[in-house]
Amino acid sequence: MATTAVGQPLSRVDARRKVTGTATYSAEHRIEGLLYGVIVNGTVARGTVSRISVDAALGHPGVLRVLTDFGKLQLAHPVDRLAFYGQPIAVVVAETLEAATHGASLVEATYERQDAVTDFDDPDIPSQTPEDEPDYSRGDPAGALASAQVKVDLELTSARENHNPIELPSTIARWQDGRLTLWDKTQWSQGAARTVAGALGIAVTDVRVHNEFLGGGFGSGIQTYDHVVLAAFAAREVNRPVKVVLTRRQFYYGTGFRPASRHRMALGSTAAGRVSALVYEVRIENARYRTYTDGLTDLPKFLYGVPNTSTAYRITPIDVHSPASMRGPGVVLGNFALETAMDQLAHELAVDPVELRLRNEPTQDEVSQLPFSTRKLRECYQTGARRFGWSRRRAKPGSRTEGDLLIGMGMATASYHNNRRDSSARARIHADGTAEVFAASADMGPGTTTSVMQVAADALGLPASAVTVRLGDSSYPTAPLHAAACTMASVGSAAHTTCNALKAEFIRRAVADPNSPLHGANPADVQVRDGQLETSGARDTYRDILRRAGLPSLDITGNWGPGDADSRISTYGYGAVFAEVSVDPLLGLVRVRRIFAAYDVGRVISPKLAHSQAIGGMVGGIGMALLEGTVTDHRDGRIVNASLADYLVPVNADVLDLDAAFINTEDPQADPIGVKGLGEITIVGVAPAIVNAVFNATGKRLTDLPIRPEALL
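Everything numeric here is computed off the predicted structure, so don't read it as measured data.

Caption draft 1: Representation of the overall build of the chain within the structure. Summing up its helical and strand segments, the chain has 16 helices and 31 strands in all. Relative to the compact-globule value of 27 Å for 713 residues, the chain shows a C-alpha radius of gyration of 27 Å, a close match. Here the chain holds 713 residues, and 61% of them are scored as buried. Relative to all contacts within the chain whose residues are 6 or more apart in sequence, the contacts with residues 24 or more apart total 81%.

Caption draft 2: Spotlight on helix α11 (residues 377–388). With 12 residues, α11 extends 16 Å from end C-alpha to end C-alpha; this agrees with the ideal 16 Å at 1.5 Å per step. If you check which residues of α11 are buried, you get Leu377, Cys380, Tyr381, Thr383, Gly384, Ala385 and Phe388. Phi for Gly389, located one or two positions after α11, is positive at around 85°.

Caption draft 3: Up close: the pairing of strand β23 (residues 532–535). As paired strands, strand β22 (residues 527–529) and β23 are joined by three bridges and run antiparallel to one another. For Val528, the partnering residue across the bridge sits in β23 and is Leu533. The hairpin turn running from β22 into β23, its antiparallel successor, is two residues long, and Asp530 in that turn takes a positive phi close to 50°. Relative to strand β24 (residues 538–541), β23 runs antiparallel, the two being bridged by four bridges. Looking at β24, one finds that Leu533 is bridged to Asp540. In sequence, β23 turns back onto β24 through a hairpin of two residues, with Ser536 there showing a positive phi of about 50°.

Caption draft 4: Expanded view of the sheet that holds strand β4 (residues 88–94). Strand order in the open sheet formed by seven strands is β3-β4-β1-β12-β9-β10-β11, with mixed pairing between adjacent strands. Of all the strands in the sheet, just β3 (63–67) and β11 (207–210) have a single pairing partner and so form its edges. Between one strand axis and the next, the sheet turns by 20° as a mean value, whatever way the strands run. Packing of helix α5 (residues 189–200) onto the sheet brings it into contact with β9 (170–176), β10 (179–184) and β11, and relative to β11 it is tilted by some 140°. Helix-sheet contacts for helix α6 (residues 226–238) involve β1 (35–41), β3, β4, β9, β10 and β12 (242–245), and the interaxial angle to β9 is about 35°.

Caption draft 5: Spotlight on unusual backbone geometry. Going from Leu705 to Pro706, the amide bond is cis rather than trans, its omega being -5°. Checked against the element boundaries, Pro706 lands in the segment after β31 (704–705). The backbone phi angle of Ala350 is positive, close to 60°, even though this residue is not glycine. Examined against the element boundaries, Ala350 turns out to sit in the loop between α9 (331–349) and α10 (353–359).

Basis of the calculations
Residues numbered from 1 in each chain as written. Predicted model: local features only at pLDDT ≥ 70, side-chain atom pairs only at ≥ 80, totals over all residues. Heavy atoms only, no water. Helix = DSSP H or I, 4+ residues; strand = E, 2+ residues; numbered from the N terminus. Rg over C-alpha atoms; globule rule 2.2 N^0.38 Å. Buried < 20%, exposed > 50% of the residue type's maximum accessible area, 1.4 Å probe, protein only. Contact = heavy atoms within 4.5 Å. Expected span 1.5 Å × (residues − 1). Pairing = 2+ DSSP bridges. Axes fitted to C-alpha atoms, helices over the stretch in contact; angles between N-to-C directions.

Below, the structure written as structure tokens:
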């Protein structure tokens, strides 16, 4: 009987190590001779350091060096002037963390301040059109909107959000014989190696990055920030290993963030509910020194069959650190605007929100004019509505109560592009019949190690317990960043392709070996089950093939990439998110009672891990809708709520009943294992579903995220 690991609800292979504390994260490695580095941050948003005094710090017991000259480093921002509040101006290196921390507090700086703007709603700051986000138009959107029978025109906003994984950004740097080893919390080990090599002016082949365990990322570890480069720089300067760990407060201005945004979403429709016009204008905050964009306009111009559509993307450069990707980057904000407007349009038309979306389902991708690889969004609506109990929703806002509480239901569509990128893997079978698979990817929590193991086990014809997947090392075969929902489709496909090639090599050796029971057999007829090669009653094993060849192991390195698939098909994941909320009208308090979502994300490799991913995305969406927002003091650019005491994130009491289901489908046109990305789509649609549920409960159309209690009073 064939062993089938794919589709089984296996537990994470690293779960025991994580819950028992034996998993070693980047700051926990024991390195001989380790010193501690603490960064000193500037306290103006724009200007230069006119004087810096380090004598007091150097006089503190245990402090060895205070580094202030970063002139030879190539960083993402200028090093000769301050471009944002919190920019590093010094690194204190000491024998202990306590000495380094106190030494950093003794460094004094004076500044030549320049006028700074940290509020991107400042009317004096002009907006720009980024080169990679040109204006888009099809049909006659302005004319169609003007002549539409029913119109919705909303202004919407969202606050800046900061990443808050439990593991803080941390790096250990060690130099040996001119080569650098980093233990770093990064979502892209090979990207980190390239960035650090470029910053220090050394060959990338002289940098090795380890990142086996990550305590959450959500996009915060994609880019390589100053603390990583400065740890490597300090270690080179003092000729000893150095560890740098950002404090929680430093995290807020030492890494990127989801940018604040301002939207205009206008829809025009016929009386029958056919959307004829869509006009979307969006603006986000940016840094002056670097342009950042993400896919805010993707879903508005793609998701529904609207013949007359235009989008305009603008950025406003101000004196802040550069924004960065955060789960569902861009797409989650553009979808918030779109799905809120669609719900308002459904209300104006007196049409059920699900029905309105069904009436506007496209037959092809109207942006690329390509056919969909798969699009089972109708099934998502049907499954989600049935499982959630959507038929019990009352169309009239404010008509359902429980005691003093108002109860409402809302829904939203979710979608995300199925990203696939070139990737490689190495597969090896040992003489004892066990296998290993290597790739320079990471696993920050979705269970990539486990899912790739399941794919590899089936490809090799081995039980899952016989396969070990090794990730988290830049010296392993090339892998893309562990983000953008591309890991399983990319690394999993590379593992699948490589393991099948290795299995084929064993079959080739067996049928060509006169001493094999399979000698002379047709390779196409050979099946592999539990490590046994079989055909017509004859059997051989991986172990025996290696024993006869006198080999301790046999391995193959293989590659996979999407090729030109995106020029032939439009491949996206889809979902329908349903939410129920209660609203206390006296307190303005919104509570999410339950969320259910149905997804079309292709073949589900590991149902248990997929469900966990969905729950995690929903939690993030609850935070976006109700809690999260970064507050800046615009006098100097300081972040006011830079702590977990003041920056609100969901806790267990906020996530009472979350559930998800997956439509039985796969996408073989997109990749050989038929998967679509899952990590990003699970947050898309959650915030608008909650906002729409609040409208159903109260009749108040809220357009600002997060929802504040005062907006409901």
